[in-house]
Amino acid sequence: MEVLLKKELRTSMLKASGHVGVGYISEGQSYDIDSGRVFVKINHKSQARLMFDGEAASLDDILKTETVKVPKPTKVIDLETGGAVFIMEHLDMKSLCKYSAQLGDQLADLHLHNQRQRDRRDKEEQTVGKGSGQSDVPVIEKYGFHTTTCCGYLPQVNDWQSDWVAFFTQQRLQHQLGLLEQSCGDREVQELWSQLQLKIPEMFEGAQVHPALLHGDLWSGNVAQCSDGPVVFDPCSFYGHSEFELAMPAMFGGFSDSFYAAYHERLPKAPGFEARHLLYRLFNYLNHWNHFGSSEYRGPSLRTMKTLLE
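This section reports on the structure supplied with the text. (Residues numbered from 1 in each chain as written. Predicted model: local features only at pLDDT ≥ 70, side-chain atom pairs only at ≥ 80, totals over all residues. Heavy atoms only, no water.)

### Brief notes about the overall build of the protein chain
Okay, so step 1: A count of helices and strands for the protein chain gives nine helices and eleven strands.
Okay, so step 2: Its C-alpha atoms give the protein chain a radius of gyration of 20 Å, near enough to 19 Å, the size a compact globule of 310 residues would have.
Okay, so step 3: For the protein chain, the spread of C-alpha atoms along the three principal axes comes to 65 × 60 × 35 Å.
Okay, so step 4: With the model as given, the accessible surface of the protein chain reaches about 14900 Å², and the carbon-plus-sulfur share is 48%.
Okay, so step 5: In the protein chain, 31 side chains carry a positive charge and 40 a negative one; their mean positions are 2 Å apart. (Helix = DSSP H or I, 4+ residues; strand = E, 2+ residues; numbered from the N terminus. Rg over C-alpha atoms; globule rule 2.2 N^0.38 Å. Areas by Shrake-Rupley, 256 points an atom, 1.4 Å probe, with all protein chains shown as cover. Lys, Arg positive; Asp, Glu negative; His and termini not counted. Charge placed at Lys NZ, Arg CZ, Asp CG, Glu CD.)

Below, the structure written as structure tokens:
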């Protein structure tokens, strides 16, 4: 791999820096090269290219909003032995501590960015002598994403849809339940789903949902801080409901009160938030069930579905 990296990075020097990251899905290593330092993620599975291409597209789209800091993607390269490597900007990161409120502010700005772009476009279209298209970031009117992204190692269905409830029901919950049906055929979860899917539209009555660019897999393990503020990484982005983003951190460690206070100052909780929050947690339980098996996540999935049906 050293020869491949030198060729792709056009560098004569390639020295491992000692910054190593080992996750459930991929391994990572920082390297010093002629132009500085880069971070390289390595995965030897057959779907690695699909996964890394989606992550690179996610980072690129978040980067263009100029809201929250992410590592700049460089390129994805196929390995001759199978799998792929993803080269990106190296950032000196440590655990998030003093920038939690700033992260809340910036995440809200990310979620509001598309709506603000749309409002700006509409205002420009009404102004004589000006038109739309003043920004490099297009206004997105639907829910989905322009490429496949992977939450964990499972590909997500990101086909564009105009209706968020239909998108979330079909391409998030139904997709996860379809995977479970293939792997274990759990009868109880399918029976609960047959009832729950009829109730989901009620949870969005009166709610105003706008397409927002999401990180997609935001939790404490995918945030950190640099010397100048917070940073997020390992995204699997799509345009969806901003509330979806808050379910994962509430399940796994969460963020500080200052994060939520700052976020909700920009995006206050809408009526029905708690029920939808539980619904979005269900997606994460189902996704983890598909990744890690039934021993830990079948119980929470079923309990959540039963609570939603009460």
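Following the structure, the description resumes.
### A look at the nonpolar core
Okay, so step 1: Judged by nonpolar contacts, the single largest core of 67 residues is most densely connected at Trp164, Phe168, Leu173, Leu196, Ile200, Phe204 and Leu279.
Okay, so step 2: No other element matches helix α8 (residues 273-292), which puts eight residues into this core.
Okay, so step 3: Those residues in contact with Phe204 that sit more than four places away from it in its chain are Trp164, Val165, Val209, His241, Arg276, Leu279 and Tyr280. (Core = buried A, V, L, I, M, F, W, Y, C linked by side-chain atoms within 4.5 Å. Buried < 20%, exposed > 50% of the residue type's maximum accessible area, 1.4 Å probe, protein only. Contact = heavy atoms within 4.5 Å.)

### Comments concerning the pattern of salt bridges
Okay, so step 1: For the coordinates displayed, the defined rule picks out 20 salt bridges.
Okay, so step 2: The partner of Glu2 in a salt bridge is Lys6, with the nearest N and O atoms 3.6 Å apart. Pair noted here: Glu2 and Lys6 are both in helix α1 (residues 2-9), with a separation of four residues, about one helical turn.
Okay, so step 3: Salt bridges here are not isolated pairs; linked through shared partners, they connect Asp105, Asp109, Arg116 and Arg266. (Salt bridge = Lys/Arg side-chain N within 4 Å of Asp/Glu carboxyl O.)

### So, the environment of Ser258
Okay, so step 1: Examined against the element boundaries, Ser258 turns out to sit in helix α7 (residues 257-266).
Okay, so step 2: Given a relative accessible area of 35%, Ser258 falls into the partly exposed group.
Okay, so step 3: Counting along the chain gives 158 residues from Ser258 to Ser100, while the straight-line C-alpha distance between them is 6.2 Å.
Okay, so step 4: Excluding residues within four positions of it along the chain, Ser258 makes contact with Ser100 and Ala101.
Okay, so step 5: At 2.7 Å, the side chain of Ser258 and the side chain of Ser256 are in polar contact. (Polar contact = N/O pair within 3.5 Å; in protein donor to acceptor, adjacent residues only side chain to side chain.)

### Description of the packing of α8 against helix α9 (residues 294-309)
Okay, so step 1: Taken N-terminus to C-terminus, the directions of α8 and α9 make an angle of 155°; their axes are 8 Å apart at the nearest point. Judged by the angle between their axes, α8 and α9 are roughly antiparallel. The crossing of α8 and α9 is left-handed. Residues Ala275, Leu278, Leu279, Leu282, Tyr285, Leu286, His288, Trp289 and Phe292 of α8 touch α9, and the partners they reach there are Ser294, Tyr297, Arg298, Pro300, Ser301, Thr304, Met305, Thr307 and Leu308.
Okay, so step 2: Of the residues contributing to the contact of α8 with α9, the split by class is twelve nonpolar, five polar and one charged. (Axes fitted to C-alpha atoms, helices over the stretch in contact; angles between N-to-C directions. Parallel < 35°, antiparallel > 145°, perpendicular 65-115°, else oblique. Left-handed = near helix turned anticlockwise from the far one by under 90°. Nonpolar A, V, L, I, M, F, W, Y, C, P; charged D, E, K, R; others polar.)

### Observations concerning the packing of aromatic side chains
Okay, so step 1: All told, the structure shown has 18 aromatic pairs when counted by the stated rule.
Okay, so step 2: Note on Phe244 and Tyr280: the rings are 5.6 Å apart at their centroids and 70° apart in plane angle, and the pair reads as edge-to-face. With a gap of 36 residues between them, Phe244 in the loop between β11 (238-240) and α6 (247-251) and Tyr280 in helix α8 connect regions that are remote in the sequence.
Okay, so step 3: Looking at Phe244, the relative accessible area reads 3%, which means it is buried.
Okay, so step 4: Taken together, the ring pairs connect Tyr143, Trp164, Phe167, Phe168, Phe204, Phe238, Phe244, Tyr280 and Phe283 into an aromatic cluster. (Phe/Tyr/Trp six-rings, centres within 6.5 Å; stacked < 30°, edge-to-face > 60°.)

### Examining the side chain of Asn114
Okay, so step 1: Positionally, Asn114 belongs in helix α3 (residues 100-125).
Okay, so step 2: A polar contact is formed between the side chain of Asn114 and the backbone oxygen of Ile140, at a distance of 2.8 Å.
Okay, so step 3: Here Asn114 is in contact with Pro138, Val139, Ile140, Pro211 and Tyr239, once residues within four sequence places are set aside.

### So, the packing of helix α4 (residues 164-183) against helix α5 (residues 187-199)
Okay, so step 1: α5 packs onto α4 with a crossing angle of 165° between their chain directions and a minimal axis gap of 11 Å. By the angle between their directions, the pair α4 and α5 is classed as roughly antiparallel. The hand of the α4/α5 crossing is left-handed. Contact with α4, carried on its side by Thr169, Leu173, Gln174, Leu177 and Glu181, involves Val189, Gln190, Trp193 and Gln197 of α5 and no other residues of that element.
Okay, so step 2: For the contact of α4 with α5, the residue count by class is four nonpolar, four polar and one charged.

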